[in-house]
Number of protein chains: 2
Amino acid sequence: MAIAARKRQAAHRARNALYAQSGGATAVFNATACGVIEAVRAARGRIGRLYAARDGILGALHENLIDTTREPAAAVRALRATPGAAFGSCRYKLKGLEEDHAKYLRLVEVLRAHDIGWFFYNGGNDSADTTLKLSQISARLGYPLCAIGVPKTIDNDLVGTDCCPGFGSAAKYVATSTREAALDVAAMASTSTRVFVLEVMGRHAGWLTAACGLAATHAGDAPHLLLFPERRFDEARFLAKVKRTVERVGYCVVVVAEGLRDAQGQFLAEQGSVDAFGHRQLGGVAPLIAHLVQARLGYKQHWAVADYLQRAARHIASKTDLAQAYALGRAAVRLGLAGRNAVMPVIERISTLPYRWRIGEAPLAAVANRERKLPAGFITADGFNITPACRRYLAPLIEGEAPPPYRHGLPSYVRLRNWPVRRRLRTVFRG
Amino acid sequence: MAIAARKRQAAHRARNALYAQSGGATAVFNATACGVIEAVRAARGRIGRLYAARDGILGALHENLIDTTREPAAAVRALRATPGAAFGSCRYKLKGLEEDHAKYLRLVEVLRAHDIGWFFYNGGNDSADTTLKLSQISARLGYPLCAIGVPKTIDNDLVGTDCCPGFGSAAKYVATSTREAALDVAAMASTSTRVFVLEVMGRHAGWLTAACGLAATHAGDAPHLLLFPERRFDEARFLAKVKRTVERVGYCVVVVAEGLRDAQGQFLAEQGSVDAFGHRQLGGVAPLIAHLVQARLGYKQHWAVADYLQRAARHIASKTDLAQAYALGRAAVRLGLAGRNAVMPVIERISTLPYRWRIGEAPLAAVANRERKLPAGFITADGFNITPACRRYLAPLIEGEAPPPYRHGLPSYVRLRNWPVRRRLRTVFRG
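Below: a short report on this structure. Because the structure is a prediction, the values reported are computed rather than measured.

Conventions adopted
- Residues numbered from 1 in each chain as written.
- Chains lettered and ligands numbered in written order.
- Predicted model: local features only at pLDDT ≥ 70, side-chain atom pairs only at ≥ 80, totals over all residues.
- Heavy atoms only, no water.
- Contact = heavy atoms within 4.5 Å.
- Buried area = accessible area lost by both parts, 1.4 Å probe.
- Salt bridge = Lys/Arg side-chain N within 4 Å of Asp/Glu carboxyl O.
- Polar contact = N/O pair within 3.5 Å; in protein donor to acceptor, adjacent residues only side chain to side chain.
- Helix = DSSP H or I, 4+ residues; strand = E, 2+ residues; numbered from the N terminus.
- Nonpolar A, V, L, I, M, F, W, Y, C, P; charged D, E, K, R; others polar.
- Core = buried A, V, L, I, M, F, W, Y, C linked by side-chain atoms within 4.5 Å.
- Buried < 20%, exposed > 50% of the residue type's maximum accessible area, 1.4 Å probe, protein only.
- Phe/Tyr/Trp six-rings, centres within 6.5 Å; stacked < 30°, edge-to-face > 60°.
- Lys NZ or Arg CZ within 6 Å of the ring centre and 35° of its normal.

### Side note on the interface of chain B and chain A
- At the interface, 83 residues of chain B touch 83 residues of chain A.
- Summing both partners gives a buried area of about 6500 Å² for chain B against chain A, and 61% of it is carried by carbon and sulfur.
- On the surface where chain B and chain A come into contact, there are four salt bridges.
- The salt bridge involving Arg311 of chain A is made with Asp184 of chain B; its shortest N-O contact spans 2.7 Å.
- Between chain B and chain A we count 27 residue pairs in polar contact (both at pLDDT 80 or more) in total.
- With 13 residues, the single largest contributor to the side of chain B that touches chain A is helix 7 (residues 167–188) of chain B.
- Residues that form the side of chain B that touches chain A fall into these classes: 39 nonpolar, 28 polar and 16 charged.

Listed below in structure tokens is the structure:
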């Protein structure tokens, strides 16, 4: 084809889009991906091809792209029912524009090589920051780009949105697990385990810890104590409360956030516990708390650490969460088509009873690098439980069931083909 | 009422029955209870009142009985969907007839006081032993009693039955969790966690460890290594296999049984690890394995300990398991009405493809105090995975979904009223 003809064709061809997943996976991460892909497909003619970066922003830096266009509609649809991150995700934080200047230039180079007009970056507050900076540098370089953030995190700690996709499903999982394990403890307490400790995620924010509180509906119901990362651990008060609970109820269920800190602000799980191989114990605050109870009060204990199980538990996803995750993916594309830049679609709560929500829009500058902890009004005065206000906020987020399809007794999850996009650059990224 | 009149009435009144739950709770323990209660209700006129012992055999010894007759049919029905042990369970092993003679006499005294003609004891191999001895001593004392065992254990280690109620649901939970967590690890492996270790129950038998193997359907699928309690831990071979897996697949998912032992036969989890409070670490072999991998191979790791979550997870119960648990409860009553004694209804597998089963009957003497481990033919030659034969055996046991009702986003579980039965004895048991 003559150069002139190719230029004419390019002028008529719609520009492409790039989607990337960032940070920890969730049960509904791929539902957002599905929303983005389906919305782009529906916008045929206005957006060219939708690429996905392999392993998040690293794929963009390395020009390691996936062509989602070739993926059959049924496989894309099945993403709604598949946990994890279908294109791969990563933990890789870009720093400031000055400090990581070369990396941002590289990103723009890759975007330009593939004629990317829209960049959808699906992640937490770090990703919002990266997206914002990318919009700034592309503007500075005169490269036209809509950089759109798409929220995601089980931690529920993004500002500017009523809640974060991924959280509702993890919350439903941990609250269900608390209720179920508590029935087990209750059944055996007369001769066996008196105290059960469940560790949930949350290094800085206690949203998942709080969600476990939803398992209790009557006085005396488990969980009896929640240990929030927002409150310093007070051993004496904690033990006194455990003792009172066992004496009154017969047993005690404790939920502890992985990020629980002692009076000095140190993570309890990093206090220098040593395992059988002589290594410092990393993580695992539940065993510490459980053994403390056993040593000081003499109660037999058990403990569980849900770890990745809680953020991958698509089998018990919240239908509300799923709907929001999908809607946010679609909304991101809508914002992009409207030419919006440096923004993020968010969840706005219209009302709690009945629960109604809609998609709003937040500037990335208001979201980036900020963290939303549990409001003080959501924790009871004694620091060990959630208030009615917290309960009202949380309750709708775990509403509804959306089970995946099952095959041979197990959830049937899709695996995409992830067709690679041919590289156009001769340069190589060295991170 | 005159004594003569009372005697006449007693002669016409059907004798009562006693049901007790023993040992660790399961997701379908109460489904068996439901089967027993519903079958007794259907046998109106032939069996008088059905009592349940509060907290298992301890309730029988203490004459702490519950009258199930007053429980509404809907509540009884809801037991099918409720994990735990609705009447309470306990760990309390009666020893030999000579050694614990006084306790057995006490049991017969309580049974006699309440005119119990049938004793249904729902538990594992210890309970089968107690039931057997109770049948022997009641015969010796001339007290007419049908003592019937009813199988239950997530460990799947009872002999005389193809499988044990409770196991299929726990198996479905751990296999699902393995598959889900593996998707999370796969998504992040390029920059984050390379090795994930899930600890499952099984102190002596590796059935639940094996069940996790069902999560893999293609070559390279997780789980990549299973550490069975039937195989001594060989650190060098384990590490070599982890390394090969990470190099080939990009990540490695390990499932470890709580009862993993070292070359000397010592439980790994009891090797003298010390926590932050200076106490010996009890339980938690997953963190040991994960930290070993990190220290020796340098891979970032995460680990989870499911603990009670796996045996209480009614929300993802196996429909097959649920049906069998219920059927065994009903069958126990059928055996009792037929005057059988010292027996246990069991699951017989008629065929695997298609899966068909029926209820059979095993003498308690063949079940008591015996333990069924994984057959050697179910573990691959390298000791790290399951064979096709194992897969064929396990697959039907996790088939089918039977979700509980949900209310406000969480499984809705029944709580029985558990009306106490008035004591008839003046004597008190001191255990």
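### What about the nonpolar core?
- Residues Phe120 of chain A together with Phe120 of chain B are the most contacted members of the largest nonpolar core, which totals 160 residues.
- With sequence-adjacent residues up to four places away left out, Phe120 of chain A is seen in contact with Ala17, Leu18, Tyr19, Ala20, Val36, Ile148, Val150, Ala332 and Val333 of chain A.
- Phe233, Val285, Leu288 and Val293 of chain B belong to the second-largest nonpolar core, a separate cluster that totals 52 residues.

### Observations concerning the packing of aromatic side chains
- For the structure on display, the rule yields 15 aromatic pairs over all chains.
- Centroid distance Phe196 of chain A to Tyr308 of chain B: 5.5 Å. Interplanar angle 15°. Geometry classified as stacked. In this pair, Phe196 of chain A is assigned in strand 6 (residues 195–200) and Tyr308 of chain B in helix 11 (residues 308–312), connecting two distinct chains.
- Its relative accessible area of 2% is what places Phe196 of chain A among the buried residues.
- Residue class for Tyr308 of chain B comes out buried when judged on its relative accessible area of 3%.
- Chaining the aromatic ring pairs together yields one cluster made of Trp207, Phe378 and Tyr393 of chain A.
- Above the ring of Tyr326 of chain A, the side-chain terminus of Arg80 of chain A is found at 4.4 Å from the ring centroid.
- The ring of Phe29 of chain A carries Lys152 of chain A above its face, with NZ or CZ at 5.0 Å from the centroid.

Treat this as a map of the structure, not an account of what it does.
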